[in-house]
Amino acid sequence: MGVLGPRSPRTGRREPVVVEAFLRGLDVFRPIGTAYAAFLAWTRRDDMVRPWVAVLVIGVLAAWSLGLLLYRRRSRVVVGVEVVIAVLAILATPLADGMDAVSAGQYTLPTVWAAGSVAGGAVVAGARGGLLSALVIAAADLVEIAGRPTQATVHNIVILVLLGGLIGLAVDLARSGLAREEQVLLERERLRERERIARVVHDGVLQSLAWIHRRGVELGGPAQELADLAADQERALRRFVSGAGAPGEAPVDLHGVEGAEVDLRLLVTAHERPGVGVAVPGDPLLVDPQVAHELDAALSAVLDNVERHAGPGARAWVLLEGDATGVELTVRDDGAGAELAELVSASSRGRLGVSSSIRGRVEDLGGTATWTTRPGAGCTVHLTVPRRAQEQP
């Protein structure tokens with residue numbers, strides 16, 4: 001229902017294909033409904049008290065139905081006028097047929113034509129418009145029979161309410177799906193442009209900054225300060241072109257709506273730098289914003305531990321994976337390693353990087369954090385979390 005259609009000549013805006021189909025169907029329904037009302041009026045013309053009233057009503061219905069084939073705009077005002085015409089046509093039935101015929105269960109003059117005004121209200125204004133139109137027509141039906149509804153009248157009112165509500169609901173779902181589809185297409189274009197810019201920056205500025213950093217480290221002395229500055233600028237630029245934002249900022253919203261899911265790849269790739277390699281899936285890995293923020297902070301703590309404790313020249317590799325239920329983040333380094341028992345007991349010595357910054361964040365999300373290490377063999381950290389944070393008791 002969310003398939004994007006052309007700009008509708010009836011509403012003046014881009015409408016889902018199903019909505020435009022409803023509008024075209026109503027353009028056909030109105031003349032047919034008028035013809036059916038004229039046929040029923042003709043069959044009982046000899047029993048009518050005032051046949052000229054029926055002729056006048058049918059003439060107005062026909063003029064309106066044919067006029068809407070020429071005037072193609074469908075606004076709330078047009079729908080409101082159509083509902084008023086249907087109400088007046090219903091209330092004119094006692095004048096044409098007499099109250100005795102109405103009490104005996106005679107059809108109203110517009111018959112099924114009035115249902116078209118309900119459907120029109122639903123298509124233009126959604127479920128609320130459809131239900132409101134149905135209630136107005138139902139009230140006219142009750143007034144027409146002087147407040148003494150028959151079983152047929154109640155049956156027709158129920159059908160009108162269902163018609164207006166269900167068509168309106170279908171239209172609302174179609175329009176919301178279209179809005180979502182347009183937003184996704186827009187975001188896809190934004191991501192494509194960001195990737196293009198990222199490639200240009202990576203092949204130029206980032207490579208230059210990485211070379212300056214490596215060369216400054218090799219030269220040492222005063223060049224070390226230049227190397228550190230280049231490394232800082234490289235990290236900041238990588239975060240910018242990846243869409244992760246500056247450190248400490250909220251994760252980027254994939255769909256431009258506050259609270260929407262975040263593509264975790266953007267945050268993870270922002271940690272790539274000299275000495276840290278990153279591998280992520282080719283498709284977006286969408287997670288809850290809280291999960292993205294906490295996992296990003298845990299990854300920062302892991303890489304900080306590598307920088308502080310793995311030893312000079314140690315490298316780290318980050319691997320991001322995920323499925324429908326959760327995501328897995330693996331960080332491996334080739335540093336000095338450590339005894340696992342020493343790592344576990346670090347919190348008792350006041351070192352809270354493992355117990356608080358990493359394990360605490362992951363477990364608060366309902367996930368797990370494990371370490372594999374031994375002296376001289378580096379360290380591997382495996383973080384597994386669900387895509388949505390679990391409710392805390």
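The structure under discussion appears in the preceding block.
As a starting point, this report considers the structure included with it.

Thresholds, definitions, all that
Residues numbered from 1 in each chain as written. Predicted model: local features only at pLDDT ≥ 70, side-chain atom pairs only at ≥ 80, totals over all residues. Heavy atoms only, no water. Helix = DSSP H or I, 4+ residues; strand = E, 2+ residues; numbered from the N terminus. Buried < 20%, exposed > 50% of the residue type's maximum accessible area, 1.4 Å probe, protein only. Patch = residues over 30% accessible without salt bridge, like charges linked within 9 Å, V, L, I, M, F, W, Y side chains within 5 Å. Areas by Shrake-Rupley, 256 points an atom, 1.4 Å probe, with all protein chains shown as cover. Salt bridge = Lys/Arg side-chain N within 4 Å of Asp/Glu carboxyl O. Expected span 1.5 Å × (residues − 1). Core = buried A, V, L, I, M, F, W, Y, C linked by side-chain atoms within 4.5 Å. Contact = heavy atoms within 4.5 Å. Pairing = 2+ DSSP bridges. Axes fitted to C-alpha atoms, helices over the stretch in contact; angles between N-to-C directions. Parallel < 35°, antiparallel > 145°, perpendicular 65-115°, else oblique. Left-handed = near helix turned anticlockwise from the far one by under 90°. Nonpolar A, V, L, I, M, F, W, Y, C, P; charged D, E, K, R; others polar.

## Quick look at the overall build of the protein
Then step 1. Broken down by element type, the protein carries twelve helices and nine strands.
Then step 2. Split into buried and exposed, the 393 residues of the protein put 43% on the buried side.

## Here we look at a nonpolar patch on the surface
Then step 1. A contiguous nonpolar surface patch, about 540 Å² in accessible area, is contributed by Val154, Val158, Leu162, Leu166, Leu169 and Leu173.
Then step 2. Residue position: Leu173 is located in helix H7 (residues 151-219).
Then step 3. Given the relative accessible area of 45%, Leu173 is considered partly exposed.

## Examining helix H1 (residues 17-43)
Then step 1. The terminal C-alpha atoms of H1, which comprises 27 residues, lie 39 Å apart, in line with the 39 Å expected from a rise of 1.5 Å per residue.
Then step 2. Those residues of H1 that sit buried are Val19, Glu20, Leu23, Leu26, Asp27, Arg30, Gly33, Thr34, Ala37, Leu40 and Ala41.

## Comments concerning the nonpolar core
Then step 1. Leu264, Val268, Val318, Leu329 and Leu383 are the most contacted members of the largest nonpolar core, which has 33 residues in total.
Then step 2. Of all the secondary-structure elements, those providing two or more residues to this core are helix H9 (264-269), strand S4 (276-279), helix H10 (289-309), strand S6 (316-322), strand S7 (326-333), helix H12 (353-364), strand S8 (368-373) and strand S9 (379-386).
Then step 3. In terms of residue count, the dominant contributor to this core is H10 (nine residues).
Then step 4. For Leu383, the contacting residues outside a window of four places in its chain are Leu295, Ala298, Val327, Glu328, Leu329, Ile358, Val362, Thr368 and Ala369.
Then step 5. If you look at the next biggest cluster of nonpolar residues, it comprises 30 residues, including Ala41, Val79, Ile85 and Ile137.

## Some remarks on the sheet that holds S7
Then step 1. The five strands are arranged S4-S6-S7-S9-S8 in an open sheet whose pairing can be described as mixed. Only two strands of the sheet have a single neighbouring strand rather than two, namely S4 and S8. Averaged over all adjacent pairs, the angle separating strand axes in this sheet is 15°, with direction ignored.
Then step 2. Summarising the sheet, S7 and S9 pair through eight bridges and their orientation is antiparallel.

## Quick word on the packing of helix H3 (residues 76-91) against helix H6 (residues 113-144)
Then step 1. Where H3 contacts H6, the two axes come as close as 9 Å, and the packing angle between them is 20°. It follows from the interaxial angle that H3 and H6 lie roughly parallel. Classified by chirality, the crossing of H6 by H3 is right-handed.
Then step 2. Broken down by class, the residue content of the contact of H3 with H6 amounts to 15 nonpolar, five polar and four charged.

## Brief notes about unusual backbone geometry
Then step 1. One non-glycine residue, Thr111, adopts positive backbone phi at about 45°.
Then step 2. Secondary-structure assignment places Thr111 in the loop between helix H5 (99-103) and H6.
Then step 3. On the accessibility criterion, Thr111 (17% relative accessible area) is buried.

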